[in-house]
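# Architecture at a glance
Residues per chain are reported as follows:
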Number of protein chains: 2
Amino acid sequence: MQLRSCEHLKLADWVKNNPPSVMEELLAGSSKEQWISLALGLPAAALFPTHFIEEAFEDVLALNHSVFQYQPPLEELKSHVKHIMALRGVQCHEDQILLTAGAQQGISLITRLLLEAQSRVALEKLAYPGLLQALKPFTPDILTINTHMKTGIDLDEVETAFKRKRPAFLYLVADGGNPHSLTLNDEQRKKLAYLAAEYEVPIIEDDPYGFLNYQQPRSPIKKYADDWVFYIGSFSKLLAPALRVGWIVAPQCTMRHLSSLKECSDINTASFNHHLVNALLNKNIFESQIQTLRNYYAKQRDCLVNSLTQYLTSDITFSIPECGFFIWAYFLEKINTSRLLQESLKQNVVFVPSEAFAVTPDSTIYNGMRLNFSYPSEYEIEEGIKRLSLSLQALIKE
Amino acid sequence: MQLRSCEHLKLADWVKNNPPSVMEELLAGSSKEQWISLALGLPAAALFPTHFIEEAFEDVLALNHSVFQYQPPLEELKSHVKHIMALRGVQCHEDQILLTAGAQQGISLITRLLLEAQSRVALEKLAYPGLLQALKPFTPDILTINTHMKTGIDLDEVETAFKRKRPAFLYLVADGGNPHSLTLNDEQRKKLAYLAAEYEVPIIEDDPYGFLNYQQPRSPIKKYADDWVFYIGSFSKLLAPALRVGWIVAPQCTMRHLSSLKECSDINTASFNHHLVNALLNKNIFESQIQTLRNYYAKQRDCLVNSLTQYLTSDITFSIPECGFFIWAYFLEKINTSRLLQESLKQNVVFVPSEAFAVTPDSTIYNGMRLNFSYPSEYEIEEGIKRLSLSLQALIKE
């Protein structure tokens, strides 16, 4: 029997415009040992609570065989999440909480809840590439909003967009935003909450870094408009990414549909992982773990600030982030950071150029770069920035 | 600030027709301890290799912290899967294997790869409800194919459908099909492979039970048309469901897009679980585990056969399945099994009535029921069927 080639397979239309993901390539690249990666948002592996995970595993095994069985979502873990949300000033109920396999699954589920093909969505001009990937199959109409370099998303533009264009949602990271690494103040949060409710446009508040505030922790937008905000939380940056446990706090009336989407994605059951995280949280380690992370990452951030000040100060401008894993820097001269990356790769240094974050071709900028300080060691941060400075000189000489 | 109710939230159109999932309710129901559940396809918890999982966990912890970090898919585990596929007679390459969070995620990813909104798909008239749930957001045009009670899917109808209607795919369970519990013979498999290649219609071969053949194991359709079959495998029924590890063996040319879909679903990384399953498989337990399961489930099947013969023989007809977790039974009289379920619930016995499997309103039948023999004990099987017989008498008397 002569079988025909699989090139004849008819795939969905969106696939035709599906270049390899930049982040995927970087993830593969940054695992090369000799490289200094300032690229991805990986947490510091040394801070994973490995010892407690081991203890938690023993606790889970002591329960009974059903921890390895298909199971409904774990109510006890939802209670922990409720408590954790209260630490951020958000009062919510267990029946608003959907346990997920991490924040990216939260994004994937909520977009499927809210979008039709070609729906309109509102995004800052630069945004988390994982969001764009999740949007791609919908081929959405993207409405772009400007971001001010010091203060964040332009609220007047948000209001105009909500009023005139009624997008299906606005996606936002309010704490240590990606890639700008800006954190909105309380007034901005309240205003966004007001706009969402007033114009009936839901906000997807993706919050991977909210607990990692190195100055004054703030309450998420969710606090100010429970019915209009889908809050996405995750233990990935707080405990360990490979456990793949996160959560959504949703408007209560959407929970049945979100549960159904979750069920058809993976049958609702990473119950073993849920039990493991639950057993970890039973040990009351959460708040001390957060404090450890804050202290550590604040030092890492300061190390990156010092290195940038020492080696690149006359070339770039940046703000010191109060939250998150990144510093966002702009070159003052017309430097193309994608070309700079090509130079820095020769020096085994990798970062993410601004081009990778553009949500539409028109919103592309070329003179920015996102630098991570959570994953590399202090030595690697300083050495990485030193080499980046050499790469810059090489680029300018070209 | 007066916030408006979330009833004003505009959700995607498909949500309007999204009744609660029957399976979800049954899962919640069947966890009530006093119930006898012949409903869901849960594996027997006593056969989970808990002791080996504990050892595997120690092995994983001994590796290094990076097992808890974001990581690319685990190549070693793909090698195990390649070996496992070879046990079924399928030669494949690691670069055709996508690791998933279980078979349902496989379904979810492949449907997103192949479907547009309103695409046409070919299905047997009764099918796995989890498939229908995954299809719902696409509001597809469903082309139904008849299934013969003894021999399975009508291949002439498949050919006509492929030739005249060119569906985006045919979905099929070839081994211990759900709900009919039929297993196709080798000629039928070869014919399906031929039709897929000839008419360029891919087949999604969902294979949760293929290793659990109690008579003569057969090779999947994938063996006969590598380029036209998306094979979905899972460790859920073979090791433990809550580990959430499964795989797809796809036509090689689609792998980049499938990886991208996987990444935007949950960032490709249940790496901890992948390491755990990998460490388990390193212990060479797979083949003996399969043998244990086969022996155990064959006895369970025989117990259900005997109970049906003893208590319901004059009322129903059924075939003895060579594979899988279920017996599919039809009532000879005009019995509505959804109404029978209402009666049996009074006796604390639950099963899945045929109505739950209809892929379109027109394909609904009312006189069938799916009975599970993998989860209940032998005592519960016999007691459950005894009570079902009483429920039937109560229904007839009404």
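Per chain, residue numbering runs from 1 following the sequence as it is written. Lettering of chains starts at A and numbering of ligands starts at 1, both following the order in which they are written. Local features in this predicted model are restricted to residues of pLDDT 70 or higher, and side-chain atom pairs are both shown and tallied only at a pLDDT of 80 or more, whereas totals for entire chains, interfaces and linings draw on every residue. Values reported for side chains reflect all heavy atoms of the structure, with hydrogen atoms and water molecules removed beforehand.

## A look at the overall build of chain A
Convention followed: For the purposes of this entry, the term helix denotes a DSSP run of H or I that reaches at least four residues, the term strand denotes a run of E that reaches at least two, and both are numbered from the N terminus. For the radius of gyration, the atoms used are the C-alpha atoms, and the globule rule reads 2.2 Å times the number of residues raised to 0.38. Two residues form a contact once any of their heavy atoms are found within 4.5 Å. The protein chains shown are the only cover counted for residues, whose accessible areas, like all others here, come from Shrake-Rupley with a 1.4 Å probe. The positive count covers Lys and Arg only, the negative count covers Asp and Glu only, and His and the chain ends enter neither. Charge placement uses NZ in Lys and CZ in Arg. For Asp and Glu, CG and CD serve respectively.
A tally of helices and strands in chain A yields 12 helices and 15 strands. Against the 2.2 N^0.38 benchmark of 21 Å for 398 residues, chain A shows a C-alpha radius of gyration of 21 Å, consistent with a compact globule. C-alpha atoms of chain A, sized along the principal axes, occupy 70 × 65 × 50 Å. For chain A, the proportion of contacts with a sequence separation of at least 24, taken over those separated by at least 6, is 75%. For chain A, the accessible area works out to roughly 14,600 Å², and carbon and sulfur atoms hold 49% of it. Positive and negative side-chain charges of chain A, numbering 37 and 45 respectively, have mean locations separated by a distance of 4 Å.

## Some words on the pattern of salt bridges
Residue and element names in this part refer to chain A. Stated precisely, the cut-off is as follows: Definition used for salt bridges: Asp or Glu carboxyl oxygen within 4 Å of a side-chain nitrogen of Lys or Arg. Residue exposure (1.4 Å probe, protein chains only): buried if accessible area is under 20% of the type maximum, exposed if over 50%, otherwise partly exposed.
A complete count under the given rule lists 38 salt bridges over all chains for this structure. In this structure, Arg218 and Asp186 form a salt bridge, with 3.5 Å as the shortest nitrogen-oxygen distance. One end of the pair, Arg218, is in the loop between strand E8 (203-206) and strand E9 (229-234); the other, Asp186, is in helix H7 (residues 186-199), and 32 residues separate them in sequence. In this structure Asp186 comes out as partly exposed when scored by relative accessible area, which is 26%. In this structure, the salt-bridge partner of Lys190 is Glu187, at a minimum N-O distance of 3.9 Å. Separated by three residues within a single helix, Lys190 and Glu187 lie in helix H7, roughly one turn from each other.

## Topic: the sheet that holds strand E12 (residues 326-331) of chain B
Residues and elements named next belong to chain B. Put simply, the rule reads: Each pair of strands is called paired provided DSSP finds at least two bridges between the two strands.
Strands sit in the order E11-E12-E15-E14 across an open sheet of four strands; the sheet is antiparallel. Edge strands, defined here as strands with exactly one partner in the open sheet, are strand E11 (316-318) and strand E14 (352-353). By the bridge criterion, two bridges tie E14 to strand E15 (residues 368-372) in an arrangement that is antiparallel. Bridged to Val352 within E15 is Arg370.

## Here we look at helix H6 (residues 155-165) of chain A
All names here are of chain A. Stated precisely, the cut-off is as follows: Think of it as the arc spanned by the lines of direction from the helix axis to the C-beta atoms. In the analysis that follows, any N or O atom pair within 3.5 Å is treated as a polar contact, provided that within protein one partner can donate a hydrogen and the other can accept it, and provided that, for residues neighboring in sequence, both atoms belong to side chains.
Looking only at H6, the buried set comprises Leu155, Val158, Ala161 and Phe162. The arc that holds the buried residues of H6, viewed along the axis, is 120°, so those residues lie on one side. Seen from the buried face of H6, the exposed residues on the opposite side, beyond 90 degrees, are Asp156, Lys163 and Arg164. Check the buried side of H6 and you find it contacts strand E4 (141-145), strand E6 (152-153), strand E7 (170-172) and H7. Taking the backbone nitrogen of Asp156 as reference, a side-chain oxygen 2.9 Å away marks Asp154 as the first, capping residue of H6. Just downstream of H6 lies Arg166, where phi reads positive at about 40°.

## Remarks on the pairing of E8 of chain A
All names here are of chain A. The condition is simple: Whether a crossover is right-handed depends on one test, that the path from the first strand over the helix to the second runs clockwise when the strands point away from the viewer.
What you see with E8 is no split at all: Ile203 and Glu205 on one side and Ile204 and Asp206 on the other are buried throughout. In this fold, E7 hands off to H7, which returns the chain to E8; that crossover is right-handed. Inspection of the sheet shows E8 paired to E9 by four bridges, in the parallel sense. Paired with Asp206 across the bridge in E9 is Ile232.

## Digging into the relation of the copies chain B and chain A
The condition is simple: Residues reaching a pLDDT of at least 70 in both copies supply the C-alpha atoms on which the copies are superposed by least squares.
With an RMSD of 0.0 Å, chain B superimposes on chain A once it is rotated by 180° and translated 0.0 Å along the axis. Here the copies are linked by what is in effect a two-fold axis. When each C-alpha of chain B is compared by its distance to the rotation axis, Ala117 of chain B comes out closest, at 3.8 Å. The share of interface residues of chain B whose copies in chain A are also at the interface is 98%, consistent with both copies meeting through the same surface.

## Side note on the interface of chain B and chain A
Here is the rule: When two components associate, each loses some accessible surface as probed by a 1.4 Å sphere; the sum of these losses over both components is called the buried area. Classification used: nonpolar for Ala, Val, Leu, Ile, Met, Phe, Trp, Tyr, Cys and Pro, charged for Asp, Glu, Lys and Arg, polar for all others including Gly.
Taken together, the contact between chain B and chain A spans 94 residues of the former and 92 residues of the latter. For the pairing of chain B and chain A, the buried interface totals around 8,000 Å² over both sides, and the portion due to carbon and sulfur atoms is 60%. Across the contact surface, chain B and chain A share zero salt bridges. Counting only elements with at least two residues in the side of chain B that touches chain A, the list comes to helix H1 (22-30), helix H2 (50-63), helix H4 (103-114), helix H5 (129-135), helix H7 (186-199), helix H8 (255-266) and helix H9 (271-282) of chain B. In terms of residue count, the dominant contributor to the side of chain B that touches chain A is H8 of chain B (nine residues). By residue class, the composition of the side of chain B that touches chain A is 51 nonpolar, 24 polar and 19 charged.

## A word on the packing of helix H6 (residues 155-165) of chain B against H7 of chain B
All names here are of chain B. The criterion, for reference: Orientation is described by lines fitted to C-alpha atoms, with helices fitted over the stretch in contact, and by angles between N-to-C directions that extend from 0 to 180 degrees. In this scheme, roughly parallel covers angles under 35 degrees and roughly antiparallel covers those over 145, while 65 to 115 is roughly perpendicular and the rest are oblique.
At a minimum axis distance of 10 Å, the contact between H6 and H7 shows a crossing angle of 10°. What the angle tells us is that H6 and H7 run roughly parallel. Residues Leu155, Val158, Glu159, Phe162 and Lys163 of H6 form the contact with H7, whose participating residues are Gln188, Lys191, Leu192, Leu195, Ala196 and Tyr199.

## A closer look at the domain arrangement of chain A
Residue and element names in this part refer to chain A. To keep it simple, the criterion reads: Domain start and end points were adopted from an automatic or database domain assignment.
The domain architecture assigned to chain A consists of domain 1 (15-47 + 288-397) and domain 2 (69-283). Domain 1 and domain 2 are separated by 25 Å when their C-alpha centres are compared. Between domain 1 and domain 2, the residue contacts involve 36 residues of the former and 35 residues of the latter. Together, the buried faces of domain 1 and domain 2 total about 3,000 Å²; carbon and sulfur atoms form 62% of this surface.

## Comments concerning the state of the cysteines
The following threshold applies: When the sulfur atoms of two cysteines come within 2.5 Å, that pair is taken as a disulfide.
Going through the model one piece at a time under the given rule, you end up with zero disulfides over all chains. Considering cysteine sulfurs only, Cys303 of chain A is the nearest to Cys323 of chain A, which forms no disulfide, with 19 Å between them.

## Considering the sheet that holds strand E11 (residues 316-318) of chain A
All names here are of chain A. The four strands are arranged E11-E12-E15-E14 in an open sheet whose pairing can be described as antiparallel. Since the sheet does not close on itself, it has two edges, and those belong to E11 and strand E14 (352-353), each with one partner. In this sheet, strand E12 (residues 326-331) lies alongside E11 in antiparallel orientation, the contact comprising three bridges. Across the sheet, Thr317 pairs through a bridge with Tyr330, a residue of E12.

## Digging into unusual backbone geometry
Residue and element names in this part refer to chain A. Of note, the bond from Asn178 into Pro179 is cis; its omega dihedral lies within 30 degrees of zero at 10°. Structurally, Pro179 is set in the loop between E7 and H7. One non-glycine residue, Ser181, lies in positive phi territory at about 65°. Overall, the relative accessible area of 6% leaves Ser181 in the buried class.

## Examining the environment of Thr139 of chain B
Residues and elements named next belong to chain B. Topologically, Thr139 is positioned in the loop between H5 and strand E4 (141-145). Note: C-alpha distance between Thr139 and Asn17 (122 residues apart in sequence) is 9.8 Å. Setting aside its immediate chain neighbours within four residues, Thr139 contacts Trp14 and Gln118.

## Quick look at the packing of aromatic side chains
For the record, the criterion: Whether two aromatic rings pair depends on their centres lying within 6.5 Å, for rings of Phe, Tyr and Trp, where Trp uses its six-membered ring; planes under 30 degrees apart make the pair stacked, over 60 edge-to-face, and the rest tilted.
What the rule picks out here adds up to 25 aromatic pairs over all chains. With centroids separated by 5.9 Å and ring planes inclined at 85°, the aromatic side chains of Trp328 of chain A and Tyr330 of chain A adopt a geometry described as edge-to-face. Residue Trp328 of chain A shares its accessibility class with Tyr330 of chain A, and that shared class is buried. For the pair Tyr214 of chain B and Phe373 of chain B, a centre-to-centre distance of 6.4 Å together with 65° between the ring planes defines the contact as edge-to-face. You can see Tyr214 of chain B sitting in the loop between strand E8 (203-206) and strand E9 (229-234) and its partner Phe373 of chain B sitting in the loop between E15 and helix H12 (378-397), a full 159 residues away along the chain.

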